[in-house]
Amino acid sequence: MDLFVKLIITGLIFYTIFFYIRTKIFLNRAMKEKRSIKQINKKSKNIIIAIPVLREQNCIEDTIKYFNTITKDIPIVLITTKKEIKENLTNEKTTQDIIKEKIITKYKNVYWINYPYTEGYMSNQLNYMLENLENIFNRKIDLDKTYLALYNADSRPNKNTFEEIKQKIENNHVVQQYSYCMQNYEKIKGIPRGFSIYQSNFELKTGLINSFFKSNILYTHVVGHGLIINMKLLKELGNFNTEFWCEDIYLGIQLKFNNIKITPLLTLENMETPNKLSKIIKQNSVWYKTTSQFWRIYKDILKKGQVENKIKGLLGVANEFRCTINWISFPIVLLISIIICIIIKNYILLSLIIVSYVLYIIVNTVCTINIINKLDDNKYRVTIKLIINVLIATTISNIGPLYSIIFNKKEKYKTER
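Residues numbered from 1 in each chain as written. Predicted model: local features only at pLDDT ≥ 70, side-chain atom pairs only at ≥ 80, totals over all residues. Heavy atoms only, no water.

Enquirer: When you look at the sheet that holds strand S1 (residues 46–52) in this model, what are you seeing that I'm missing?
Expert: Adjacent strands of a sheet form backbone hydrogen bonds with each other and so pair up, either parallel or antiparallel. Ordered in space as S3-S2-S1-S4-S8-S6-S9, the 7 strands form an open sheet in which the pairing is mixed. Looking at the sheet topology across the chains shown, the edges are occupied by strand S3 (110–115) and strand S9 (263–264). Judged from the 3 bridges that link them, strand S6 (residues 174–176) and strand S8 (residues 227–230) form a sheet pairing that is antiparallel. Each bridged residue has a counterpart across the sheet, and for Val175 the counterpart in S8 is Ile228. Across the face of the sheet, helix H4 (residues 95–103) comes into contact with strand S2 (76–81) and S3 while running at roughly 145° to S2. (Pairing = 2+ DSSP bridges. Helix = DSSP H or I, 4+ residues; strand = E, 2+ residues; numbered from the N terminus. Contact = heavy atoms within 4.5 Å. Axes fitted to C-alpha atoms, helices over the stretch in contact; angles between N-to-C directions.)

Enquirer: Which parts of the structure should I look at to understand the sheet that holds strand S5 (residues 156–157)?
Expert: The strand order across the open sheet built from 3 strands is S5-S10-S7, with neighbouring strands paired in mixed fashion. The sheet is open, and its two borders are formed by S5 and strand S7 (179–180), each paired with just one other strand. Where S5 lies against strand S10 (residues 269–270), 2 bridges are found, and the strand directions are antiparallel. Counted as the bridge partner of Arg156 is Asn270 from S10.

Enquirer: Any chance you could explain the packing of aromatic side chains here in plain terms?
Expert: The description of two aromatic rings rests on the distance between their centres and on the angle between their planes. A full pass over the atoms with the stated rule returns 26 aromatic pairs. With centroids separated by 5.6 Å and ring planes inclined at 80°, the aromatic side chains of Tyr288 and Trp327 adopt a geometry described as edge-to-face. Taken together, the residues span a long stretch of sequence, with Tyr288 in helix H11 (residues 277–291) and Trp327 in helix H13 (residues 310–343) at a distance of 39 residues. For Tyr288, a relative accessible area of 5% translates into the label buried. Members of the aromatic cluster, each reached through a chain of ring pairs, are Phe14, Tyr15, Phe18, Phe19, Phe330, Tyr357 and Tyr360. (Phe/Tyr/Trp six-rings, centres within 6.5 Å; stacked < 30°, edge-to-face > 60°. Buried < 20%, exposed > 50% of the residue type's maximum accessible area, 1.4 Å probe, protein only.)

Enquirer: Would you mind going over the pairing of strand S4 (residues 146–150) with me for this structure?
Expert: Most of S4 sits out of view: 5 of its 5 residues are buried. Residues Thr146, Leu148 and Leu150 line one face of S4 and the alternating positions Tyr147 and Ala149 line the opposite face, and both faces are buried. With 5 bridges joining them, S1 and S4 adopt parallel strand pairing. Following the sheet pairing, Ile48 is matched in S4 by Leu148. Pairing analysis gives 4 bridges linking S4 to S8, with the strands arranged antiparallel. Its bridge partner lying in S8, Tyr147 is registered against Asn230.

Enquirer: Help me understand the nonpolar core, please; the structure alone is not making it clear to me.
Expert: What tends to happen in soluble globular proteins is that the nonpolar side chains get buried as a cluster. Phe26, Met129, Leu148, Leu208 and Phe240 are the most contacted members of the largest nonpolar core, which has 66 residues in total. With 12 residues, helix H14 (residues 347–376) is the largest single contributor of residues to this core. Each residue touching Phe240, except ones within four places of it in the same chain, is listed here: Ser123, Leu126, Asn127, Leu130, Leu148, Leu150, Leu227, Leu234, Glu247 and Leu251. Core analysis: the second largest hydrophobic core is formed by 27 residues, Ile60, Ile64, Leu78 and Ile99 among them. (Core = buried A, V, L, I, M, F, W, Y, C linked by side-chain atoms within 4.5 Å.)

Enquirer: Before we go on, may I ask you to explain the packing of helix H12 (residues 294–304) against H13 in this structure?
Expert: Axis separation between H12 and H13 bottoms out at 9 Å; the angle between their running directions is 160°. Judged on the interaxial angle alone, H13 and H12 are roughly antiparallel. In this structure, H12 meets H13 at a crossing whose hand is right-handed. Where H12 approaches H13, its residues Phe294, Trp295, Tyr298 and Leu302 are matched on the opposing element by Lys310, Leu314, Val317, Glu320, Phe321 and Thr324. (Parallel < 35°, antiparallel > 145°, perpendicular 65-115°, else oblique. Left-handed = near helix turned anticlockwise from the far one by under 90°.)

Enquirer: Even after reading the chapter, I still don't get the environment of Glu269, so can you show me in this structure?
Expert: With respect to the secondary-structure elements, Glu269 resides in strand S10. In this structure Glu269 comes out as buried when scored by relative accessible area, which is 0%. Note: C-alpha distance between Glu269 and Ile301 (32 residues apart in sequence) is 30 Å. With near-sequence residues (within four places) excluded, Glu269 lies in contact with Tyr151, Ser155, Arg156, Pro157, Gln177, Tyr178, Ser179, Tyr180, His225 and Gly226.

Enquirer: Sorry if this is basic, but what is going on with the environment of Tyr107 here?
Expert: Its place among the elements puts Tyr107 in the loop between H4 and S3. For Tyr107, a relative accessible area of 13% translates into the label buried. Note: C-alpha distance between Tyr107 and Thr81 (26 residues apart in sequence) is 21 Å. Ignoring anything within four residues of it in the chain, the contact list for Tyr107 reads Ile64, Lys65, Asn68 and Lys102.

Enquirer: How do you make sense of the environment of Ile104 when you look at a structure like this?
Expert: Relative to the elements of secondary structure, Ile104 occurs in the loop between H4 and S3. Ile104 sits 20 residues away from Glu84 along the chain, and the two C-alpha atoms are 19 Å apart. Setting aside residues no more than four positions away along its own chain, Ile104 makes contact with Ile99, Val110, Tyr111 and Trp112.

Enquirer: Honestly, helix H8 (residues 190–212) in this entry has me stumped. Any pointers?
Expert: Structurally, the α-helix is built with 3.6 residues per turn, so residues lying three or four positions apart point the same way. Between its first and last C-alpha, H8 extends 32 Å over 23 residues, near the 33 Å set by a 1.5 Å rise per residue. In the stretch just after H8, Lys214 is the one whose phi turns positive, near 50°. (Expected span 1.5 Å × (residues − 1).)

Enquirer: How do you make sense of unusual backbone geometry when you look at a structure like this?
Expert: Negative phi characterises most residues that are not glycine, and trans characterises most peptide bonds. Positioned with a positive phi, Arg55 is a non-glycine residue whose angle comes to about 55°. The topology assignment puts Arg55 in the loop between S1 and helix H2 (60–70).

Enquirer: Help me understand the packing of helix H10 (residues 247–257) against H13 in this model?
Expert: A pair of packed helices can be characterised by two numbers: the angle between their axes and the separation between those axes. Running from amino to carboxyl end, H10 crosses H13 at an angle of 145°, the nearest separation of the two axes being 7 Å. Facing H10, whose interface residues are Ile249, Ile253, Lys256 and Phe257, H13 presents Lys310, Lys312, Gly313, Leu314, Gly316, Val317 and Glu320. Here the residues of the contact of H10 with H13 are counted per class, giving 5 nonpolar, 2 polar and 4 charged. (Nonpolar A, V, L, I, M, F, W, Y, C, P; charged D, E, K, R; others polar.)

Enquirer: Please clarify how the pattern of salt bridges should be interpreted in this entry.
Expert: Pairing is possible between side chains of opposite charge, provided their charged atoms come close. Counted according to the given criterion, the structure contains 11 salt bridges. The residue Asp300 makes a salt bridge to Lys304 at a minimum N-O spacing of 3.0 Å. Here the residue Asp300 and the residue Lys304 both occupy positions in helix H12, the gap between them amounting to 4 residues, near one helical turn. Owing to a relative accessible area of 6%, Asp300 belongs among the buried residues under this scheme. (Salt bridge = Lys/Arg side-chain N within 4 Å of Asp/Glu carboxyl O.)

Shown next as structure tokens:
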């Protein structure tokens, strides 16, 4: 039994060193590349920003105001849904009301379309917008030269985002802006603050860094918010999938099947972390449910014939499977290791497993904060209290997946803000 614990300790130490070195290499190369980003005056590609919304009346006005401070020449399409009207039992002001009264009348570059059905999710809203795109703008849209930039109602992309996007879309079909989850960092405390670092670490480690190094083996993914994709390609892929809860997970595997690389931006998006553990659990359960359906997604893509490279597609599915296993089993493996040490009364091993785990948390936290500070010009600090919060959050990080398995909800949870 002690061999099992020794392997876990070795794995933790090896991965901690690997991630530290890789982060150092990434930051050195990324900062050099970031300094070389130049403003493009003559553009050959067009961008349309899309923001699907549901019950976002408290933040949508501020979001549009923010987007108009960082770009005024790019059209923004807001996509509301009739579902919000149906669910408005208390007759309060809806997102539609706010858009009609305070946004459309104020901003000439903002357009609005309402999804006229009470069923469906974000992907349904987006597809409805895509189907009616020429009606929205009252002109012909050249899909080959147009890119969709998808954001959430709480998105706060870096002020230099769209200058970098204009450069990157000249030669790439899929560009992704990865996020860190600290927009409400000063308002949240304790475990939610720990989860803000835990989630940011995942986004930057598996998304940004793996995509930056163009890894064919390691896990890479796209995210719905911050996704910039060529509209002709999106149409060829059947637009956004509506059969699975997380359309971005499905799209990520589609890209693997079609050998399409994800090009990351080096400017980041800042988004909120749910302010209560209960909201985090439900949010994570939604993500996990789609991730755990990797084999169904694999078969669905094959059935639809959207396949260019089966080997790479299978590798993408294998990575999704690995992500599923890692997410739910990591805290369990740690707990088993500690229990084994106590049972066999090997307190040296017990000390080593605890020390190696704490070191893993410290390095992951420091590297994550360092990436955010360097790429987004911030000054977040690593404190002992923060380390403890991240330690607790990571130790219970599989609570969302367990909730998903135990309760197996049939309705997708919409994260409340």
